[in-house]
Amino acid sequence: LKPMYMPATPPSPQNLETVRSEFAARRGIPNAAMACDGSHVPVSTHHGDYRNYKGWYSILSVAFVNSYYLFVDATVGYPGKAGDNTVLRHSWLLKQIMADPEAWLGPNGVILAHSGASDHDGVFLNPYPKPSSPKDYYYNFCHSSTRFFVEETFGRWKNRFRFLLRVHDMDLKLQCQLVYTT
């Protein structure tokens, strides 16, 4: 099913323009073609690497989504202790995007990300870390409101597949496969 729902090819120019206009309609941030964030899924293992910064054990899922609440790609299975940047360093999609950003994101295209995700001034658009003026605060508000597509996508995903909200006594590899399959 992955080739149908998360094809490993850039979107068509028409689809890309539609996605970008939908992102821009949210709060006026132009050129956004995707949003990226991570989400934790509880696991039963008690290995130290799986203890996340919130204090519970999880696997980390990092996903790229578009403005139609669809996953463009997801990486699942890293220990909860890992941060988004650790996962992004190994992301095949981010490597593809960096190799040909215009094909994946359009002219001057960006990926909306939170302040914890970075590609060293590449294609990620992050909020101001310490806003100091009303313009900075307003920009961060617009950025957060627009990037919220990824948060809503995770919410819909976990609401549809409720087992993602609870710890299950199953093999870690199997749980990673189930999470990715959803």
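Refer to the preceding data block for the structure.
Throughout what follows, the structure given in this document is the object of discussion. Treat the numbers as computed from the prediction; the structure is a model and nothing was measured.

Quick word on the overall build of the protein chain
Here comes step 1: Helices and strands together make up the secondary structure of the protein chain, namely seven helices and five strands.
Here comes step 2: Start at the N end of the protein chain and walk to the C end: the helices and strands fall as α-α-β-β-β-α-α-α-β-β-α-α.
Here comes step 3: Expected size for 182 residues packed as a compact globule is a radius of gyration near 16 Å; at 17 Å, the protein chain falls within 12% of this value.
Here comes step 4: Seen along its three principal axes, the alpha-carbon backbone of the protein chain occupies a region of about 45 × 40 × 30 Å.

With respect to the pairing of strand 2 (residues 58-65)
Here comes step 1: With eight of eight residues buried, strand 2 is to be regarded as a mostly interior element.
Here comes step 2: Burial along strand 2 is two-sided: the face carrying Ser58, Leu60, Val62 and Phe64 and the face carrying Ile59, Ser61, Ala63 and Val65 are both buried.
Here comes step 3: Sheet analysis places strand 1 (residues 32-42) next to strand 2, joined by eight bridges and oriented antiparallel. If you follow Val41 over to strand 2, its bridge partner there is Ile59.
Here comes step 4: As paired elements, strand 2 and strand 3 (residues 71-79) share seven bridges and run antiparallel to each other. Each bridged residue has a counterpart across the sheet, and for Ser61 the counterpart in strand 3 is Val76.
Here comes step 5: If you look at the hairpin formed by strand 2 and strand 3, you'll find five residues sitting between the two strands, and Tyr69 has a positive phi there, around 60°.

About the cut-offs
- Residues numbered from 1 in each chain as written.
- Predicted model: local features only at pLDDT ≥ 70, side-chain atom pairs only at ≥ 80, totals over all residues.
- Heavy atoms only, no water.
- Helix = DSSP H or I, 4+ residues; strand = E, 2+ residues; numbered from the N terminus.
- Rg over C-alpha atoms; globule rule 2.2 N^0.38 Å.
- Buried < 20%, exposed > 50% of the residue type's maximum accessible area, 1.4 Å probe, protein only.
- Pairing = 2+ DSSP bridges.

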